[in-house]
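# Chain and residue survey
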Amino acid sequence: MKKLFFEKITSTNDYAKEHFAETDDKTVIYANNQTNGHGRLGRKWVSTNDNGLNLYASLVIKPPKDCPYNNFTQYVSVVLCRVLENYNVKSNIKWPNDVLVNGLKICGILAERTSQMNGFVIGIGVNLNLSKEETESIDKPATSLNLLINKKVERYEFLEKFCTEFEKNYDNFLKNGFAYIREEYLKRTDFIGKEIAVSINRDERIKGIAKDINSEGELVLELSDKKEKIIISGEIN
Ligand code: BT5
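Attention now moves to the side chain of asparagine 13. Relative to the elements of secondary structure, asparagine 13 occurs in helix 1 (residues 12–18). Looking at asparagine 13, the relative accessible area reads 4%, which means it is buried. Within polar-contact distance, the side chain of asparagine 13 engages the side chain of serine 58 at 2.6 Å. Within the structure, asparagine 13 has its side chain in polar contact with the backbone oxygen of leucine 110 (distance 3.3 Å). What asparagine 13 contacts, discounting residues up to four positions off in sequence, is His38, Ser58, Leu110, Glu112, Val121, Ile122 and Gly123.

Dropping the structure here:
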């Protein structure tokens, strides 16, 4: 995978979107410092001014037309779990694509596209070397890989592992979609069978028992009247 590096940037996702047309498929744009890292719904991704200690990266994806468009971030979440396992850290996926360790968020994934783009950008933020104080200053429970393995993590080494793992099963994923990674994904979830609340959008929140993740990667929720509701997008909170 081709890599494009910046010392300082507003947001690797914003750069990737602005330069999408002239950027090759599967290019990774990464930066030492991000001044305006963001998540979904205008939320902030805490990106300390740390000169390359943590991972702020975006993948430019220009997939074939009939690809599993809705499941790329889920594919990336499985890839990130595998990379963390390489460091002997067991992680979980919170549907659709947050990666947590012991309930603490360690990776965030953000897919974005504009109507002009024949593909999309997948941003990944991974806490590799945050201090305990820095994780505690984040408004939701968070952790960092160095705190879990008690040593400094080499950012470039992590990125290389990510790229290798991403490429390994990518063609199979493109061909077979979520069904191809479903087992790997389910193995890393810990909410199936539990009562959860899901925000569908800013105003709508549904409660129910998480029954399954179906072959499309959608969440199957059993409501209080025992009816099943399939949720295509949203977030568990
Ligand atoms: C995400 O959003 O989790 C996706 C974050 C993607 C960040 C990457 S960094 C490279 C690329 N460039 C960008 O500008 N973005 C991408 P969301 O699900 O909306 O979660 C955001 C929430 O996670 C925040 O509101 C905080 O509660 C929490 N959070 C923020 N920074 C965090 C961090 N460093 N570690 C753990 N949690 C964090």
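Below, the discussion takes up the packing of helix 2 (residues 72–86) against helix 5 (residues 155–168). Here helix 2 crosses helix 5 at 130°, and the two axes come no closer than 9 Å. Considering their axes alone, helix 2 and helix 5 lie oblique with respect to each other. Helix 5 is crossed by helix 2, and the crossing has right-handed handedness. Along the contact surface, helix 2 presents Tyr75, Val76, Val79, Leu80, Arg82, Val83, Leu84 and Asn86, while helix 5 presents Phe158, Lys161, Phe162, Glu165 and Phe166.

Bringing the sheet that holds strand 4 (residues 92–94) into the picture now. The sheet built from seven strands is open, its strands ordered 1-2-3-7-6-5-4 with mixed pairing. Each edge of the open sheet is held by one strand with a lone partner, namely strand 1 (3–9) and strand 4. Adjacent strand axes in the sheet meet at a mean angle of 20°, parallel and antiparallel pairs treated alike. Direction of pairing for strand 4 relative to strand 5 (residues 98–101): antiparallel, over a ladder of three bridges. Within the sheet, the bridge partner assigned to asparagine 92 lies in strand 5 and is leucine 100.

What follows deals with helix 7 (residues 178–187). Three or more residues of helix 7 are buried, namely Phe178, Ile181 and Tyr185. Relative to the axis of helix 7, the buried residues are bounded by an arc of 80° and lie together on one face. In helix 7, the exposed residues that point more than 90 degrees away from the buried face are Glu183 and Lys187. Turning to helix 7, the residues buried within the fold contact helix 2, strand 4, helix 6 (170–176) and strand 9 (205–213).

Procedures and definitions
- Residues numbered from 1 in each chain as written.
- Predicted model: local features only at pLDDT ≥ 70, side-chain atom pairs only at ≥ 80, totals over all residues.
- Heavy atoms only, no water.
- Helix = DSSP H or I, 4+ residues; strand = E, 2+ residues; numbered from the N terminus.
- Buried < 20%, exposed > 50% of the residue type's maximum accessible area, 1.4 Å probe, protein only.
- Polar contact = N/O pair within 3.5 Å; in protein donor to acceptor, adjacent residues only side chain to side chain.
- Contact = heavy atoms within 4.5 Å.
- Axes fitted to C-alpha atoms, helices over the stretch in contact; angles between N-to-C directions.
- Parallel < 35°, antiparallel > 145°, perpendicular 65-115°, else oblique.
- Left-handed = near helix turned anticlockwise from the far one by under 90°.
- Pairing = 2+ DSSP bridges.
- Arc of directions from axis to C-beta.

Honestly, it's all geometry; don't read function into it.
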